[in-house]
Amino acid sequence: APQWLIVPAAGRGTRMRAACPKQYLLLDDRAVLACTLARLHEAFPEATLLLCLDAEDQWFHESMVPFARWQRLDGGDERVDSVRAGIDWLAAHAHSDDWVLIHDVARPCVTVADLHHLLETIRHDPVGGLLAAPVTDTLKRQDTHQRVEATVARQGLWRAMTPQGFRYGVLREAFEQAASEHFLMTDEASGVEQLGHAPLLVTGRSDNLKITHPEDLALVAQILRAQQD
Ligand code: C5P
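As recorded in an unreviewed UniProt entry, the chain goes by the name 2-C-methyl-D-erythritol 4-phosphate cytidylyltransferase, listed as coming from Kushneria indalinina DSM 14324. In its Sequence similarities (unreviewed entry) section, UniProt records this for the chain: "Belongs to the IspD/TarI cytidylyltransferase family. IspD subfamily." The UniProt entry for the chain carries this comment under Pathway (unreviewed entry): "Isoprenoid biosynthesis; isopentenyl diphosphate biosynthesis via DXP pathway; isopentenyl diphosphate from 1-deoxy-D-xylulose 5-phosphate: step 2/6."

Give a detailed account of the site of the ligand, specifying residues and quantitative values.
What surrounds the ligand is a group of 17 residues, the closest being P8, A10, G11, S82 and D104. Of all the elements in the fold, those that place two or more residues in the shell around the ligand are strand 1 (4–9) and helix 2 (79–90). Partitioned by chemical class, the residues of the shell around the ligand number six nonpolar, six polar and five charged.

Any chance you could break down the sheet that holds strand 5 (residues 70–74) for me, citing the residues and the numbers?
Reading across the sheet, the seven strands line up as 5-4-1-6-10-7-11 and stay open at both edges, with mixed pairing between neighbours. The open sheet is flanked by strand 5 and strand 11 (200–203), the only strands paired with a single partner. Put simply, the sheet's adjacent strands are angled 25 degrees from each other on average, direction ignored. In terms of strand pairing, strand 6 (residues 99–102) meets strand 10 (residues 158–167) through four bridges, oriented antiparallel. By the bridge assignment for strand 10, V100 is matched with F166. Contacts from helix 4 (residues 168–180) reach strand 6, strand 7 (128–134) and strand 10 within the one sheet, and its direction differs from that of strand 10 by about 115 degrees.

Which residues make up the nonpolar core, and what values do they have?
Here is a general trend for soluble globular proteins: nonpolar side chains tend to be buried in one another's company. Within the largest apolar cluster, 62 residues are counted, with the highest numbers of intra-cluster contacts made by L5, I6, V32, L33, C52 and V100. Per element, the largest residue contribution to this core is seven residues, and it comes from helix 1 (residues 32–43). Those residues in contact with L5 that lie beyond four places of it in its chain are L40, F44, A47, L49, L50, L101 and H103.

I'd like a description of the UniProt feature "site: Transition state stabilizer" (unreviewed entry) in the chain, backed by residues and values.
Listed under "site: Transition state stabilizer" (unreviewed entry) in the UniProt record, and renumbered for this structure, are R15 and K22. Once residues lying within four places of it in the same chain are set aside, the contact partners of R15 are T212 and H213. Take K22: it is sitting in the loop between strand 1 and strand 2 (26–27). Excluding residues within four positions of it along the chain, K22 makes contact with G13, M16, V32, A106 and I211.

Outline the UniProt feature "site: Positions MEP for the nucleophilic attack" (unreviewed entry) in the chain, listing residues and values.
The residues that UniProt annotates with the feature "site: Positions MEP for the nucleophilic attack" (unreviewed entry) are R154 and K210. If you trace the backbone, R154 turns up in the loop between strand 9 (148–152) and strand 10. Excluding anything up to four places from it in sequence, R154 contacts V135, T138 and L139. Structurally, K210 can be placed in the loop between strand 11 and helix 6 (214–228). Overall, K210 belongs to the partly exposed group, with 17 C-beta atoms counted inside 10 Å. Excluding residues within four positions of it along the chain, K210 makes contact with D104, A106 and R107.

I'd love a proper account of unusual backbone geometry, names of residues and values included.
For the bond from T162 to P163, the omega torsion is 10 degrees, close enough to zero to count as cis. In this structure, P163 sits in strand 10. The backbone of D28 shows a phi angle near 45 degrees, a positive value even though the residue is not glycine. Its location among the elements puts D28 in the loop between strand 2 and strand 3 (30–31). C-beta crowding within 10 Å serves as the criterion here: with 9 such atoms nearby, D28 is assigned to the exposed category.

About the criteria used
- Residues numbered from 1 in each chain as written.
- Predicted model: local features only at pLDDT ≥ 70, side-chain atom pairs only at ≥ 80, totals over all residues.
- UniProt positions renumbered as here; feature names shortened; annotations may be inferred.
- Near = placed C-beta within 6 Å.
- Helix = DSSP H or I, 4+ residues; strand = E, 2+ residues; numbered from the N terminus.
- Nonpolar A, V, L, I, M, F, W, Y, C, P; charged D, E, K, R; others polar.
- Pairing = 2+ DSSP bridges.
- Axes fitted to C-alpha atoms, helices over the stretch in contact; angles between N-to-C directions.
- Contact = placed C-beta atoms within 7 Å.
- Core = buried A, V, L, I, M, F, W, Y, C linked by C-beta atoms within 7 Å.
- Buried ≥ 20, exposed ≤ 12 C-beta atoms within 10 Å, placed from the backbone.

What follows is the structure in structure tokens.
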């Protein structure tokens, strides 16, 4: 099992145009954040959770956290800054070989089976990897007039998801290098790739969606209901 879980949950979710950040919208009476943490806890009950929240968050309540060991941290302006709060906190607590799993609070549909599958697959790897799914749509590149310039071969292309799991030492180096080279990490894997490593792509379910737009909420609620049947 991973020793550490980092959950960035400091986003303001402005694309949702909702009254509260998307992690506090309700999925059948339960906040998205509570749903996501419940899944992680079911898979890894012994892990320590680092929960990165906006310092001015007015919606969070401790009852949403099922973990026995957890720590609240202040997130930052971008996702990468929020995850960095967790990486920095771990400097005094983690060993460089420890597994750290980072999971977006906005992905409540990740299954226990996929969480275990990810860990099982990366367990003996020196670096780590991420849940991902092969691209199924045909991809188009546009010209400057938004007309099709080319069809992009989708062979070998994947959608990167979370969790992403890496050894603490590798993550720490990735965050240090990204800061010194002003490289914007959109996910942890991109930073690890910059170091010259090749993270494992671990096939996950395609319904591990990230709530981004208003229409995603009903879809995610439906997926969660279907998974419980
Ligand atoms: O905005 P987006 O959906 O891409 O955010 C992905 C994840 O990063 C979400 O879990 C969100 O709460 C988190 N985030 C954060 N701090 C920010 C921006 C986003 O923790 N400043």
